[in-house]
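Coordinate inspection notes
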Amino acid sequence: MIFLGFDPGRDKCGLAIVTIDKQILWHEVIKSEDAIASIQQLWSKYQPNKLIIGNLTTSQEWKQKIIDKLNLSSAIEFVDEKNSTLEARGLYWQMYPPKGLGRLIPQSLKVPPRPIDDLVAILLVQRYIDKLT
């Protein structure tokens, strides 16, 4: 099984393709205005089983846009987004460990050098998978 994770936002969104065994196939932060086209492309390319969306910021608006433009209503699942940004920071440092003196700074004080909405999308899918098992 393959899942498309979607962290919706007003200005930018995170997208990720993750397998049932939590292997990350693809992830990216995109402009919100490009989200529908990107979801459509990813849906065609990977043919995921579900579209996993965070349940907070603008999620209902996005659900309606996706239904109206892509007709994926039966594939949409919402997942609790609580604390996902904080968790995504930790995931960032796991995926991209700091080098040099940066290793000495406590993780709680480090801020990733780029938006992490795509990592939130990964975490949303992982949460969904955890609920399945």
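Structure report, in brief. From a predicted model like this one, the values you see are computed outputs, not experimental measurements.

A short note on the side chain of Thr58
- You can see Thr58 is positioned in the loop between strand E4 (50-54) and helix H2 (59-70).
- Looking at Thr58, the relative accessible area reads 10%, which means it is buried.
- Setting aside its immediate chain neighbours within four residues, Thr58 contacts Pro8, Gly9 and Arg10.

Let's talk about the packing of aromatic side chains
- Using the criterion set out here, one finds 4 aromatic pairs in the structure.
- Taking 5.4 Å as the distance between ring centres and 85° as the angle between the ring planes, the aromatic pair formed by Phe6 and Trp62 counts as edge-to-face. With Phe6 in strand E1 (residues 2-7) and Trp62 in helix H2, this residue pair connects regions lying 56 residues apart in the sequence.
- Among the residues examined, Phe6 registers a relative accessible area of 0% and is labelled buried.
- In this structure an aromatic cluster arises from ring pairing among Tyr92, Trp93 and Tyr96.
- Positioned over the ring face of Trp62 is Lys65, at 4.2 Å from the centre of the ring.

A closer look at a nonpolar patch on the surface
- A cluster of nonpolar side chains, namely Met1, Ile20 and Leu132, defines an oily patch on the protein surface of about 270 Å² accessible area.
- Relative to the helices and strands, Met1 resides in the segment before E1.

Procedures and definitions
Residues numbered from 1 in each chain as written. Predicted model: local features only at pLDDT ≥ 70, side-chain atom pairs only at ≥ 80, totals over all residues. Heavy atoms only, no water. Helix = DSSP H or I, 4+ residues; strand = E, 2+ residues; numbered from the N terminus. Buried < 20%, exposed > 50% of the residue type's maximum accessible area, 1.4 Å probe, protein only. Contact = heavy atoms within 4.5 Å. Phe/Tyr/Trp six-rings, centres within 6.5 Å; stacked < 30°, edge-to-face > 60°. Lys NZ or Arg CZ within 6 Å of the ring centre and 35° of its normal. Patch = residues over 30% accessible without salt bridge, like charges linked within 9 Å, V, L, I, M, F, W, Y side chains within 5 Å. Areas by Shrake-Rupley, 256 points an atom, 1.4 Å probe, with all protein chains shown as cover. Salt bridge = Lys/Arg side-chain N within 4 Å of Asp/Glu carboxyl O.

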